[in-house]
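Coordinate inspection notes
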Amino acid sequence: MTMKSSIETITSLQNPKVKEVTALQSSSSLRREKGLFVVEGRREVERCVESGFRLRSVFYCPALCRHFPIPSEEVRIFEVSEAVYGKMAYRGSTEGLLAVVCGSAQDRSLEALDRNGLGDNPLIVVVESVEKPGNLGAMLRTADASGVSAVLLCDPHTDLYNPNLIRASLGGVFTRNIAVCTSAEAIAWLKDRSISILTAQLQDSELYYDTDMTRPTALVFGTEAEGLSDIWRQAADAHIRIPMLGSIDSLNVSASMAVLCYEALRQRRTSDSLRNL
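What this report covers is the structure whose coordinates are included nearby. Only a predicted model underlies this, so the values are computations on that prediction, with no experimental measurement involved. (Residues numbered from 1 in each chain as written. Predicted model: local features only at pLDDT ≥ 70, side-chain atom pairs only at ≥ 80, totals over all residues. Heavy atoms only, no water.)

Our focus in this paragraph is the pattern of salt bridges. Applying the stated criterion to the full structure yields nine salt bridges. Across the salt bridge formed by R115 and D107, the nearest N and O atoms sit 2.6 Å from each other. Given the relative accessible area of 57%, R115 is considered exposed. Close ionic contact of D212 with R215 constitutes a salt bridge, the shortest N to O distance being 3.0 Å. Accessibility expressed as a relative area gives 35% for D212, which makes it partly exposed. (Salt bridge = Lys/Arg side-chain N within 4 Å of Asp/Glu carboxyl O. Buried < 20%, exposed > 50% of the residue type's maximum accessible area, 1.4 Å probe, protein only.)

Below you can see the structure in the form of structure tokens.
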């Protein structure tokens, strides 16, 4: 799209707009209070806009970013120096482009998942109390790659718009159906829809490749330090594990999720092939 908005120039590190962006990058409470968050990089900004979010302002550094699409004439555009961009950016290699985004565009409730529709045979990922934004971002990236129907974030310890999470997800935070809820709400929602609950745990479990994932399934993951809470262990239809053959007793939670999601994908494709014979 053509850039029709007027462009303002910022060269001072003390500019109030620069201070606001740096504050939003570092403070989850400020992001919640203002209903704003920051997205860096052309690809991430485009995915954000495609998902229905509204940009409030765009900052670009001409030395790093030559051109970019502007979706609306209402967006304020700021040209900034390399020094100013370096102060605002959470990471260096973001192509000289970042945007301040209004965070209320998407409904992250369980009811919204029903409205969006999850298909006849959904594959759901449930993440309980994961603390590290980078891990959660990597899980959302895997969810996108493996075609997961929805991700339920239960009792999260990080907000969805943490800049490290957005970076690690490569914009997957915008491309997937995501609901934020309590574990009790998630369990009730899954059971009401006859979705089989499979908890990833080492104790009292069977090997993951011996478990049927061809029917509507929820794969549930806990924190690396504490694992899953008892409410999930008791609600599970099956406990599954990935074999550990070395001295270390667990994979990173995002790696475990990738293994199980692609096993579900393999089983479902095999099952579809057999039905078509």
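Turning our eyes to something else, we now look at the nonpolar core. Counting 45 residues, the largest nonpolar core has F37, V151, F174 and L219 as its most contacted members. Considering each element in turn, this core owes the most residues, five residues, to helix α11 (residues 253-275). Residue contacts for F174: discarding those within four places in its chain leaves F37, V39, E44, R47, C48, S51, F53, Q106, Y161 and I166. In this structure, L113, I187, A235 and A236 belong to the second largest nonpolar core, which totals 22 residues. (Core = buried A, V, L, I, M, F, W, Y, C linked by side-chain atoms within 4.5 Å. Helix = DSSP H or I, 4+ residues; strand = E, 2+ residues; numbered from the N terminus. Contact = heavy atoms within 4.5 Å.)

This part is about helix α3 (residues 42-50). For α3, the full list of buried residues reads E44, V45 and C48. What you see down the axis of α3 is that its buried residues fit within an arc of 100°, all on one side. Looking at the buried residues of α3, the elements they touch are β2 (36-40), β3 (54-60), β5 (97-102) and α8 (172-175). G52 sits one or two residues past α3 and shows a positive phi near 100°. (Arc of directions from axis to C-beta.)

Next up on the list: the sheet that holds strand β11 (residues 217-221). Across the sheet, which stays open at both edges, the seven strands sit in the order β8-β7-β6-β11-β9-β12-β10 with parallel pairing between neighbours. Both edges of this open sheet fall to β8 (178-181) and β10 (206-207), since each of them pairs with a single strand only. Relative to strand β7 (residues 150-154), strand β6 (residues 123-128) runs parallel, the two sharing five bridges. By the bridge assignment for β7, E128 is matched with C154. Relative to β7, helix α6 (residues 133-145) is tilted by about 160°, and along the sheet it contacts β6, β7, β8 and β11. Contacts from helix α9 (residues 183-192) reach β6, β7, β8, β9 (196-200) and β11, with the element oriented near 145° to β7. (Pairing = 2+ DSSP bridges. Axes fitted to C-alpha atoms, helices over the stretch in contact; angles between N-to-C directions.)

Moving on, we get to the packing of aromatic side chains. Under the definition given, this model contains seven aromatic pairs. Note on F37 and Y161: the rings are 4.0 Å apart at their centroids and 10° apart in plane angle, and the pair reads as stacked. Here the residue F37 occupies a position in strand β2, and Y161 occupies one in the loop between β7 and α7 (163-169), the gap between them amounting to 124 residues. Classification of Y161 by relative accessible area gives buried; the value is 13%. Between Y208 and Y209 the ring centres are 5.0 Å apart and the planes differ by 65°, which places this aromatic pair in the edge-to-face class. Looking at Y209, the relative accessible area reads 40%, which means it is partly exposed. (Phe/Tyr/Trp six-rings, centres within 6.5 Å; stacked < 30°, edge-to-face > 60°.)

Don't take any of this as a statement about function, it's just geometry.
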